[in-house]
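What follows is the residue order along each chain.
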Amino acid sequence: MKPIPTNEAIRSGNVHVHQLANGLTLLMERMPRLRSAAFTFMLPAGTSDEPPHLQGLAGIVLEMMQRGAGERTSRQLVESLDFIGVERDSGIATLHSSMSAAMIDEYLFETLSIFADIILRPHFPLDQLEDSRSTALQELAALQDDAVQRCFIRLRECRYGNVYGRNASGSEDGIESIELKDIQEFYQQYFHPSGSILSIAGNIEFDATIEKIEHLFGTWTSTSHKTLPSIPANRATSHIDEETSQTQIAIAYDAVPYDDEKYYESRALINILGDGMSSRLFTEVREKRGLAYSVSASPQSIGTRSSTVIYAGTTSARADETLDVILSTVQSLQTGISEDELRRLKARVKTSLVFEQESCNARASQNATDWFYLNRIVDRSEVFAKVDRLNTSVLLQHANNFPMKNVTLVTLGERPLKVSHAI
Amino acid sequence: MQFRHHRLANGLDIVAEVDDTALSISLGYYVSAGARHETAGNSGVSHFLEHMQFKGTGQRSAEQVNREIDELGGNSNAYTSEDQTVYYLHVIPEFQSQAADLLTDIMRPSLRDSDFETERKVILEEIAMYEDQPPYGAIELSMEQFYGNHPLANRILGSVESVGRLSSTEMRSYHGHHYAANNVCLVATGAVDFEALIKQIERATEEWSSSSLSPQNYAERNEQKRFGEHVVPIASQQYVVRLQDGPNRKSPERFAWRLAANAIGDDGGSRLFWALVDTGLVDSIGLFAQQFDDHGIIATLMTCTPETAVQNWEKGSEVIRSIKTEPLTQHELELVRNRVCASVILAAERPSNRFFTVGNGWVSRGTYETLTQTVENYASVTLDQINAAAQQIADGVGTVTSVGPTGGLHFS
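Residues numbered from 1 in each chain as written. Chains lettered and ligands numbered in written order. Predicted model: local features only at pLDDT ≥ 70, side-chain atom pairs only at ≥ 80, totals over all residues.

Participant: Looking at this model, I keep getting lost on the overall build of chain A. Mind explaining?
Facilitator: Helices and strands together make up the secondary structure of chain A, namely 15 helices and 13 strands. Scaling as 2.2 N^0.38, a compact globule of 423 residues should have a C-alpha radius of gyration of about 22 Å, and chain A matches this with 23 Å. Dimensions of chain A, computed from the C-alpha atoms along their principal axes, are close to 60 × 55 × 35 Å. Counting across all 423 residues of chain A, residues that qualify as buried make up 52%. Of the contacts made within chain A by residues no fewer than 6 positions apart, 81% connect residues no fewer than 24 positions apart. (Helix = DSSP H or I, 4+ residues; strand = E, 2+ residues; numbered from the N terminus. Rg over C-alpha atoms; globule rule 2.2 N^0.38 Å. Buried ≥ 20, exposed ≤ 12 C-beta atoms within 10 Å, placed from the backbone. Contact = placed C-beta atoms within 7 Å.)

Right, here's the structure in full:
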């Protein structure tokens, strides 16, 4: 086997952090080999900030911000960004909202100027409210046909409760009740530079970018700053009764948080359990028994809370057996981790660090996430070193110190499943 | 960027777009074997075989294949379409030779009977998974309506019955015929060592024989249904698909048609978007182009509540028809041209994306197109050309398929 890439290949190094006086954090990473740039704006307004009777408000606010801002109408905003070929996305999470964009490098400043309008000078035109509401209701209705998503939405509700377990699409009642003043108030209360992160990566110059951002966002004022709340996780079991061909199974249990020194151990075990074609779940559930087409494990972080989330979809007649095999497979982590598994894990992590360097989108988003959770950018060589230091006995000990605990189990299908293991 | 091509004595094509400055390479086999090469008797065999290719060879067990793929660290996958099956690995350059060795080895799988039976269950799970998922088979059904008895109507996954019936003997025979050296192309992009690749593949495939392939089935389509529906009680939304003819893969008009489809029905700023999505009348409506060697289709796909489906469909059709009286403007052309060119340029930064552009171009047209040429092909589309395509989209006679909880809806 050829050697894995050296530290040199994945060193970032080309990173700069600039704090604006108003509290906005500007993160920059130079990637001079690219001819593109990308940014992620993380704003401290999420679904957990919504009033309980207005679920869906955060999404409507973000939508309405893009329906007219600065000198432009809704349509002019879209056309201005299309004209310079900007690819864009936005999303709502529990604790924050995000807007991101990718473009050919020469259009970075023009794009940022348009986003400065959207973030600082939205019109919130009354004549766009009903269209925004209908759009949100359409999305909610479409979700009804996505059994996998609905299983995960129920999992979040059960696990994190009615504030932190909210779904970004909101509720029908909530969306129906939103008035223009709710939108304006939510915007006033939560869209502040303090706690906001603007992360830019790509073929950029630090000094010129700082100057531009100071010019565009320097006058934005702040009133408050939120800290990451402590988020509960509930042990629960729930079933959604439906006449589907497959039964969906979603399981979550405690994992070590992103800011914990043992995070990489926890993350490594999740990968060994359910990421990749040689992972234990893929081998036991799909390869040996043909029980499912999709089966995997992944980490989920909400604020200070992290969980391991397992998913499988299987025809109903074989769903009990599938759940049984999944639970035994999780337990098998406590009896041993092989050197082979560890070697594969290290190779995968290191390669993914190299791949990140090909994408300014990926870097902008990762830096923003690191800052949000850790208040610093994690150098890629640090990630490399931490993973490289892992050994099988450390992982085995971790698996035994942190067994499957605080389990939330949600199923969707024609009948509830028999749970033969104690969970 | 440098394009390289070499044909081995056994007929296997090796092509590469070499970029020495890239941080990764993508490497994979394009096999001209897909649903359109199947018959009613072996429907689903191409896709089933795609799964079986990962189940071990003379040198490797199935577990070893999976482990090695993970050891290479990168992304790997495979897919089966109407006309091809593609296997690929995206790795760091240090792993080129190991990746090529693994990919080449799995092109000659053992196809063991016990693995065949386990994998049959996985395929049946995959079919069940799609049965529960939107658009609940609407695309497959609309292809059947549109292509009638033409092989492009064949379902990629086959059916529960056809997959249940398939034998490993039939699969071996299909493999022997379609995975012959001269029906396979190795494509590589990124920081590729091309000379080393040729030497390695030449050695690794020296036992591969070529076969006398029957020519592509370019049969004429002689049956087409205008309307079809499928009632899915568990669905809450209605999914309506319209298929109509578009340019094929070799047609020089395909650039103008893609821009026209984009201007009429892109999901973020197009005539249909402003009329139906921005206003919240539908969850989504869009126009998509797909091309084959001998055919091309333009698909219109709409999702909304069943109660409003007929009315929204009529409104969408009106928007498309209005192209005839209100042609696309220079402003619309520029918007869509810039949007498409930028997305092509941004995607091209990664060898993993170039792999598909370079591979599909070579396999389907036998030509290589640089990024600059592709951008130029879109940038040079004139207002007359985009409107000529848009008019044909507005005039086209299509097949409409409705899938959802409500039957008996009448779509124009």
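Participant: Can you walk me through the nonpolar core in this structure?
Facilitator: Soluble globular proteins: nonpolar side chains tend toward being buried together. Membership of the largest hydrophobic core comes to 114 residues, with the highest contact counts inside it found for A:A250, A:I251, A:V285, A:I326, B:A99, B:L103 and B:V187. For B:A99, the contacting residues outside a window of four places in its chain are B:L27, B:L72, B:L89 and B:V91. (Core = buried A, V, L, I, M, F, W, Y, C linked by C-beta atoms within 7 Å.)

Participant: I'm lost on the environment of B:D70 in this one. Help?
Facilitator: Within the secondary structure, B:D70 sits in helix α2 (residues 62-71). The buried category is assigned to B:D70, around which 24 C-beta atoms lie within 10 Å. When the C-alpha atoms of B:D70 and B:I345 are compared, they prove to be 30 Å apart, with 275 residues separating the residues in sequence. Those residues in contact with B:D70, other than ones at most four positions away along the chain, are A:G276, A:M277, A:S278, A:R344 and A:R348.

Participant: What is the right way to look at the interface of chain B and chain A in this model?
Facilitator: Counting residues at the interface gives 54 residues for chain B and 60 residues for chain A. Contributions of two or more residues to the side of chain B that touches chain A are made by α2, α4 (113-131) and α12 (330-347) of chain B. Here the side of chain B that touches chain A is composed, by residue class, of 20 nonpolar, 17 polar and 17 charged. (Nonpolar A, V, L, I, M, F, W, Y, C, P; charged D, E, K, R; others polar.)

Participant: I would appreciate a short explanation of the sheet that holds strand β6 (residues 184-190) of chain B in the present structure.
Facilitator: Strand pairing within a sheet occurs via backbone hydrogen bonds; the two strands may be parallel or antiparallel. All names here are of chain B. Reading across from one edge, β1-β2-β6-β3-β5-β4 is the order of the six strands in this open sheet, with mixed pairing throughout. The outermost strands of the open sheet, each flanked by one partner alone, are β1 (2-7) and β4 (75-80). Neighbouring strand axes in the sheet, compared pairwise and without regard to direction, differ in orientation by 10 degrees on average. Pairing between strand β3 (residues 25-31) and strand β5 (residues 85-91): seven bridges, direction antiparallel. Bridge assignment links S26 to a residue of β5, and that residue is H90. Those strands touched by helix α8 (residues 194-204) are β1, β2 (13-18) and β6, and its axis lies near 160 degrees from that of β2. (Pairing = 2+ DSSP bridges. Axes fitted to C-alpha atoms, helices over the stretch in contact; angles between N-to-C directions.)

Participant: What's the story with helix α5 (residues 138-147) of chain B in this structure? I'm lost.
Facilitator: Given 3.6 residues per helical turn, the α-helix brings residues three or four places apart onto the same face. Residues and elements named next belong to chain B. Within α5, nine of the 10 residues are buried, which leaves the element mostly enclosed by the surrounding structure. All buried positions along α5 are accounted for by A138, E140, L141, S142, M143, E144, Q145, F146 and Y147. Buried residues along α5 sit against β7 (227-231), β8 (238-245) and β11 (399-404). At the C-terminal side of α5, G148 shows a positive phi close to 55 degrees.

Participant: How should the sheet that holds strand β13 (residues 408-413) of chain A be read in this particular structure?
Facilitator: Residues and elements named next belong to chain A. Taken together, five strands build an open sheet; the order of strands is β9-β13-β10-β12-β11 and the sheet is mixed. With partners counted over all chains shown, the strands left at the sheet margins are β9 (236-241) and β11 (294-302), one partner each. Sheet twist, expressed as the mean angle between neighbouring strand axes with direction ignored, is 15 degrees. Sitting on the sheet, helix α9 (residues 263-274) touches β10 (246-255), β11 and β12 (305-315), and the angle it makes with β11 is about 160 degrees.

Participant: What exactly am I supposed to notice about unusual backbone geometry here?
Facilitator: Negative phi characterises most residues that are not glycine, and trans characterises most peptide bonds. A cis geometry characterises the amide bond from B:P134 onward to B:P135, with omega recorded as 0 degrees. Along the chain, B:P135 turns up in the loop between α4 and α5. The backbone of A:F124 shows a phi angle near 50 degrees, a positive value even though the residue is not glycine. Within the fold, A:F124 resides in the loop between α3 (108-120) and α4 (129-143). A tally of 18 C-beta atoms within 10 Å means that A:F124 is categorised as partly exposed. Even without being glycine, A:N375 reaches a positive phi, approximately 60 degrees. By secondary structure assignment, the location of A:N375 is in the loop between α13 (360-374) and α14 (380-389). The class of A:N375 is exposed, set by 10 C-beta atoms lying within 10 Å.

Participant: Would you explain the pairing of β6(B) in this entry?
Facilitator: Both faces of the sheet carry side chains from a regular strand, because those side chains alternate between them. Residue and element names in this part refer to chain B. In terms of residue burial, β6 counts as a mostly covered element, since seven of its seven residues are buried. Here β3 pairs with β6 via seven bridges, running antiparallel. Opposite S26, over in β6, you have T189 as the bridge partner.

Participant: It is not clear to me how the pairing of β12(A) should be interpreted in this structure. Could you clarify?
Facilitator: Residues and elements named next belong to chain A. Across the 11 residues of β12, 11 count as buried, placing the element largely inside the fold. Alternating positions in β12 separate into two faces, R305, S307, V309, Y311, G313 and T315 on one and S306, T308, I310, A312 and T314 on the other, with burial throughout. In this sheet, β12 lies alongside β10 in antiparallel orientation, the contact comprising 10 bridges. Counted as the bridge partner of T247 is T314 from β12. Where β11 lies against β12, nine bridges are found, and the strand directions are antiparallel. Across the sheet, residue S294 finds its bridge partner in β12, namely G313. Connecting β11 to the antiparallel partner β12 that follows it, the hairpin turn spans two residues, and G303 within it adopts a positive phi of roughly 55 degrees.

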